[in-house]
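Read off the chains here:
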Amino acid sequence: MSTTPLFIKMHPLDNVAIVVNDGGLPAGATFASGLTLTQAVPQGHKVALVDLPRGSVVRRYNVSIGETLKDLPAGSWVNEAVLHMPPARSLEALPLATQAAPVLPALEGYTFEGYRNADGSVGTRNILAITTTVQCVSGVVEFAVTRIKTELLPRYPNVDDVVGLEHTYGCGVAIDAPDAIIPIRTLRNISLNPNFGGEVMVVSLGCEKLQPERLLPRGTIAIQAVAARAIESRATARFDVNSAQSDSALESAAEAPLDVVCLQSDNHVGFMSMIDSIMQSADKHLARLNARRRETVPASALVVGVQCGGSDAFSGVTANPAVGFCTDLLVRAGATVMFSEVTEVRDGIDQLTSRASTPEVAQAMIREMAWYDAYLAKGNADRSANTTPGNKKGGLSNIVEKAMGSIVKSGSAAISGVLSPGESLRQNGISSGLVYAATPASDFICGTLQLAAGMNLHVFTTGRGTPYGLAECPVIKVATRTDLALRWHDLMDVNAGRIAEGSASIEDVGWELFQLMLDVASGRKKTWAEHWKLHNALVLFNPAPVT
Ligand code: CA
């Protein structure tokens, strides 16, 4: 990187900018504009472009990120210690669908190779998932998965992986509390994720609160079951859910019993009989999954979840704008893109409600924010609990500044749908467009909830760096800075830091990411997290009490 002092100003009306140079800049460094630093400023941190007397509004992204607590001459370091954060935007009197959606011409002709499912969804991987009803069975399922991978998987070369859907829910919880619906539907909908091909098998303990029939009531997996039969009988190579299924076929599938291995069943004598039962069940599902083949599908079949983690001040300058550009490309191609993380959009709620496609969508977004405000208040916290020590070290003074950089991931399209935590896109009739899927910002919980929504590809931006990955779905990681991309050269998939250096534009990186998504979705390329098998745990969002 050039040693010439450089800063990036996000909006012409901003009175601060961030220092680009690796390692930051010393006091006395002078920018091309003539501005001289009065003190050392670390990389990614803000410098005052003009004199900011005490009480001045500090603007970044042309938004107030706080007021100065003391006089700051031009060239000063502006950080959280000298800023007073503005209060959260009220949820009253917000603009509802007031902003005309930009005209985004359709993007045609882009395809990938995916696994078509009976319900119309498309998988990017062909994975056997083993659903668990309760944490008690985790050790047994892990033991079984190891044996399935060693003894069965080699016989089914078209199956990518076997994954136990393990979690800490299922018992010792207030399962009838109103908010218990969130973890329960999350787990249900993850079991139906497009990457699992509708081959649902469950391992249950027997005495747990979350009984298999409660987790997956009859009829939940009917469509998948019908399709599995169609494929099995080779009646049709492709199953068109809109025309081919008859009511009677659906009914008979709805009556088909759920495939459950219950560890407390009298049939099991000794541990090995449990393992044998799980392996026998897995064998049937693996055989059906193995018969599936990738076929060419339009890019509109992508369901992309975007999120960030370990953010720094460059997140909102390089990686997130590139992801935002790519989000627009995906929406233009007819795909579905979800952005999430309530506490990271809360401070930009007025921008989002105005971008909603209808007043109803805007109201749904306000509903989710209000629910989350109440949830945080119950725990005596507010949205300021979001920022981490790493965020601050990376130059993000507070949640307002972080939110502005985070929202950029959503691009410019109208927001056409909203999901509550754990809900599925398909069950809400959403098959395209930009969607706000309300989730906590916690990387693992957000990823888990986006999987439940039906995500088949995940894009994750990071500035501080995280080796984050999921076993259930490929995760493409985008570094915000070249320094990180070089140090973590075998963990980061895309280097958006080139944008800050001027060697690539936001559009360049956005297109590169779009092409990489098609390659990864097709299985032609693996992400680094897949290469190393770096998998974070599923973490269910349980706002209800435990007992
Ligand atoms: Ca996150």
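Before reading further, recall that the structure is shown in the block above.
Parameters and conventions
- Residues numbered from 1 in each chain as written.
- Predicted model: local features only at pLDDT ≥ 70, side-chain atom pairs only at ≥ 80, totals over all residues.
- Heavy atoms only, no water.
- Pairing = 2+ DSSP bridges.
- Helix = DSSP H or I, 4+ residues; strand = E, 2+ residues; numbered from the N terminus.
- Buried < 20%, exposed > 50% of the residue type's maximum accessible area, 1.4 Å probe, protein only.
- Right-handed = clockwise from strand over helix to strand, strands pointing away.
- Contact = heavy atoms within 4.5 Å.
- Axes fitted to C-alpha atoms, helices over the stretch in contact; angles between N-to-C directions.

1. Considering the sheet that holds strand β14 (residues 295-298)
The strand order across the open sheet built from three strands is β9-β8-β14, with neighbouring strands paired in antiparallel fashion. Edge positions in the sheet fall to β9 (122-123) and β14, since each has one partner strand and no second. One ladder, built from two bridges, connects strand β8 (residues 111-116) with β9; its direction is antiparallel. Looking across to β9, one finds that R116 is bridged to V122.

2. Here we look at the pairing of strand β20 (residues 475-479)
Summarising burial for β20: five of the five residues are buried, a large majority. Of the two faces of β20, the one lined by V475, K477 and A479 and the one lined by I476 and V478 are each fully buried. Examined bridge by bridge, strand β19 (residues 457-462) and β20 share five bridges and lie parallel to one another. When the sheet's bridge partners are listed, F460 is paired in β20 with K477. With two bridges joining them, β20 and strand β21 (residues 494-495) adopt parallel strand pairing. Residue pairing in the sheet places V478 in a bridge with V494 of β21. Read as a crossover between parallel neighbours, the route from β20 over helix α13 (residues 482-487) to β21 is right-handed.

3. Topic: the sheet that holds strand β4 (residues 57-60)
Read from one edge to the other, the open sheet built from three strands follows the order β4-β5-β7, with strand pairing classed as antiparallel. Edge strands, defined here as strands with exactly one partner in the open sheet, are β4 and β7 (83-84). In this sheet, β7 lies alongside strand β5 (residues 63-68) in antiparallel orientation, the contact comprising two bridges. Paired with E67 across the bridge in β7 is H84. The sheet strands contacting helix α11 (residues 399-407) are β4 and β5, and the helix crosses β5 at an angle near 160 degrees.

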